[in-house]
Amino acid sequence: MIKLSREIILIALLLAAGILIGKLIPFPSSLSSMILLLLLLITGVFKEEYFTGGISDLILKNLAFFFLPPAVKVIDSLGILEGVWVKLVLIMLISNVLVMGVTGMVVQLFLKTEKDHD
Amino acid sequence: MTEILNLLTDNIFFGVIITLAAYAAGKKINAMTGITVLNPFLIAMLSLMALILIVKIPLANYMKGASYLEQMLPVSIILLALPLYRQRAKLQSHKLPILAGITAGVLTSIVSTIVLCRLFNVDELLLRSLIPRSITTPLGLLMVKNINGISGITMIAIIFNGVSGVIIYAPVYALFRIHHPVAKGIAMGTTSHAIGTAKALELGELIGAMSGLAIVLAGLITVAAYPLINLILP
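Conventions used here
- Residues numbered from 1 in each chain as written.
- Chains lettered and ligands numbered in written order.
- Predicted model: local features only at pLDDT ≥ 70, side-chain atom pairs only at ≥ 80, totals over all residues.
- Heavy atoms only, no water.
- Helix = DSSP H or I, 4+ residues; strand = E, 2+ residues; numbered from the N terminus.
- Rg over C-alpha atoms; globule rule 2.2 N^0.38 Å.
- Buried < 20%, exposed > 50% of the residue type's maximum accessible area, 1.4 Å probe, protein only.
- Lys, Arg positive; Asp, Glu negative; His and termini not counted.
- Charge placed at Lys NZ, Arg CZ, Asp CG, Glu CD.
- Contact = heavy atoms within 4.5 Å.
- Buried area = accessible area lost by both parts, 1.4 Å probe.
- Salt bridge = Lys/Arg side-chain N within 4 Å of Asp/Glu carboxyl O.
- pLDDT = per-residue confidence, 0-100.
- Axes fitted to C-alpha atoms, helices over the stretch in contact; angles between N-to-C directions.
- Parallel < 35°, antiparallel > 145°, perpendicular 65-115°, else oblique.
- Left-handed = near helix turned anticlockwise from the far one by under 90°.
- Nonpolar A, V, L, I, M, F, W, Y, C, P; charged D, E, K, R; others polar.
- Expected span 1.5 Å × (residues − 1).
- Phe/Tyr/Trp six-rings, centres within 6.5 Å; stacked < 30°, edge-to-face > 60°.
- Lys NZ or Arg CZ within 6 Å of the ring centre and 35° of its normal.
- Core = buried A, V, L, I, M, F, W, Y, C linked by side-chain atoms within 4.5 Å.
- Patch = residues over 30% accessible without salt bridge, like charges linked within 9 Å, V, L, I, M, F, W, Y side chains within 5 Å.
- Areas by Shrake-Rupley, 256 points an atom, 1.4 Å probe, with all protein chains shown as cover.

A tally of helices and strands in chain B yields 14 helices and 0 strands. Radius of gyration (C-alpha) of chain B: 19 Å, near the 17 Å computed for a compact globule of 234 residues. With the C-alpha coordinates of chain B rotated into their principal frame, the extents come out at 60 × 45 × 35 Å. For chain B, the residues scored as buried account for 57% of the 234 residues in total. With 15 positive and 7 negative side-chain charges, chain B shows a spacing of 13 Å between the two charge centroids.

Set out below in structure tokens:
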């Protein structure tokens, strides 16, 4: 119970810190909070155990659950897709083939040069 | 009949409870069939939509409770620091190839979407909504607000990307001769975020871990690129 409370309090504090940073610089506050958490973990100020086996893991494992409402709300914007959806599917498919292909090729290219340096 | 229906659904519990039930059913069906494309999210989404459309439940009634779930968006973004931290050793070992690959992928995604939309004469608002579709939902929804797209369309496009990655990966790996597990995983995560990563984990532990790493990095790089997008799209 104490562990769970600590976890929730830390997340709330991180949220608040992000909002404060957002007041100072034009940067999405939740991203500031995320980067802050990463830095605190790397520097060892926060231990990874604070966030394991509790609510954080539960949320991360079921992230998709929280996006059901915005997905269901799509019912409202389906009208916009009428007449264009075939085009959009085609565009996304071609683009996705390129993205997957280019990403993989560039990773491999750099892996090869890395090996050559060894 | 409509009055009874309204009476039953016009409260904050209704939306939360049917969302929970649909997600639980989705998990169960996915575990039973073991088909990646039939992921819990997709099953739950389609059954909720069907229920709302067929029974004619007012969307506003569903959203009364469901909108509270949406408020978790910032929390889920913060927690993305955890997988990134857990995979820091894997990132460290191939830093340059991974970052170069993801950056190239993100730029390919943005540029090819803009070029193809212009070619096919798709209107500006839809174009903007398609750009943040390769990345994980919380970051995609954050991004679409920044570039003034329609979040509902982005949501559909994100799901499309996840599912399409699971369908196209084998021919794409063959076509572009992608055989290294690090390259396979990074390519999958950069294109198809979490849905693709579920498939990547089936292909191998290293492929899955790399795909998981790519989800967060591709999301961050895409969000970082948004001033650039606003520059290209006046």
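With that out of the way, let us pick up the interface of chain B and chain A. Each partner contributes to the interface: chain B provides 89 residues, whereas chain A provides 65 residues. It is Ile78, Tyr85 and Phe176 of chain B that lose the most area in chain B upon contact with chain A, and together they represent 10% of the buried surface on that side. Between chain B and chain A we count 3 salt bridges in total. The residue Glu48 of chain A makes a salt bridge to Arg86 of chain B at a minimum N-O spacing of 2.7 Å.

The subject of this paragraph is the confidence of the model for chain A. Per-residue confidence for chain A gives a mean pLDDT of 92, with 98% of residues at or over 70. Looking across chain A, the model is least confident in helix H5 (residues 78-81) of chain A, with a mean pLDDT of 87, and most confident in helix H1 (residues 2-24) of chain A, with 95.

All names here are of chain B. Viewed as axis vectors pointing N to C, helix H2 (residues 12-33) and helix H3 (residues 40-54) meet at an angle of 135°, and their least axial separation amounts to 8 Å. Considering the angle they form, H2 stands oblique to H3. Crossing of H2 against H3: the hand is right-handed. For the pair H2 and H3, the contacting residues are Ile18, Thr19, Ala22, Tyr23, Gly26, Lys27, Ile29 and Asn30 in the first and Pro40, Ile43, Ala44, Ser47, Leu48 and Leu51 in the second. Among the residues forming the contact of H2 with H3, the class breakdown is 9 nonpolar, 4 polar and 1 charged.

A word on the pattern of salt bridges. The final tally for this structure, using the stated rule, is 6 salt bridges over all chains. Salt-bridge contacts for Asp57 of chain A lead to Arg86 of chain B; the nearest nitrogen and oxygen are separated by 3.4 Å. Of the two residues, Asp57 of chain A is situated in helix H3 (residues 55-61) and Arg86 of chain B in helix H6 (residues 81-86); the pairing between them involves two chains. We classify Asp57 of chain A as buried; its relative accessible area is 16%. For Arg86 of chain B, a relative accessible area of 33% puts it in the partly exposed group. Of the charged contacts, one joins Glu202 of chain B and Lys199 of chain B as a salt bridge, the two residues approaching to 3.1 Å between their closest N and O atoms. Taken together, the positions of Glu202 of chain B and Lys199 of chain B, both in helix H12 (residues 181-203) and 3 residues apart, correspond to about one turn of that helix. For Glu202 of chain B, a relative accessible area of 48% puts it in the partly exposed group. The network of salt bridges with shared partners includes Glu48 and Asp57 of chain A together with Arg86 of chain B.

So, on to H1 of chain A. Across its 23 residues, H1 of chain A extends 33 Å between first and last C-alpha, which sits within 8% of the 33 Å expected from 1.5 Å per residue. Among the residues of H1 of chain A, those classed as buried are Glu7, Leu10, Ile11, Leu14 and Gly18 of chain A. Looking at the buried residues of H1 of chain A, the elements they touch are helix H2 (29-42) and H3 of chain A together with helix H5 (73-79) of chain B.

Scanning all chains against the criterion turns up 5 aromatic pairs over all chains. Ring geometry for Phe46 of chain A versus Phe51 of chain A: centroids 6.1 Å apart, planes at 40°, classification tilted. There is no split in this pair, since Phe46 of chain A and Phe51 of chain A are both buried. Through a chain of ring-to-ring contacts, the aromatic side chains of Phe46, Tyr50 and Phe51 of chain A assemble into a single cluster. Seen from the ring of Tyr85 of chain B, Arg88 of chain B lies directly overhead, with NZ or CZ sitting 3.8 Å from the centre.

As a further point, take the nonpolar core. Core analysis: the largest hydrophobic core is formed by 106 residues, its most contacted members being Leu88 of chain A together with Tyr62 and Ile98 of chain B. In terms of residues, this core owes the most to one element, helix H11 (residues 151-175) of chain B, which gives 9 residues. What Tyr62 of chain B contacts, discounting residues up to four positions off in sequence, is Leu68, Pro69 and Val72 of chain A together with Phe14, Gly15, Ile18, Thr19, Leu48 and Ile52 of chain B.

With that out of the way, let us pick up the environment of Lys3 of chain A. Residues and elements named next belong to chain A. Residue placement: Lys3 occurs in helix H1. The class for Lys3 is partly exposed, based on a relative accessible area of 36%. Separated by 49 residues in the primary sequence, Lys3 and Thr52 have C-alpha atoms spaced 9.9 Å apart. Those residues in contact with Lys3, other than ones at most four positions away along the chain, are Glu49, Tyr50 and Thr52.

Attention shifts here to a nonpolar patch on the surface. Residue and element names in this part refer to chain A. There is a patch of nonpolar side chains on the surface, built from Leu24, Ile25, Phe27, Ile35 and Leu39 and spanning about 480 Å² of accessible area. Looking at where Ile25 falls in the secondary structure, it is placed in the loop between H1 and H2. Judged by relative accessible area, Ile25 falls into the partly exposed class, the value being 44%.

Our focus in this paragraph is helix H13 (residues 205-224) of chain B. Compared with an ideal rise of 1.5 Å per residue, which puts 20 residues at 28 Å, H13 of chain B spans 29 Å between its outermost C-alpha atoms and is within 8% of the ideal. By the criterion of burial, H13 of chain B is predominantly enclosed, with 15 of the 20 residues buried.

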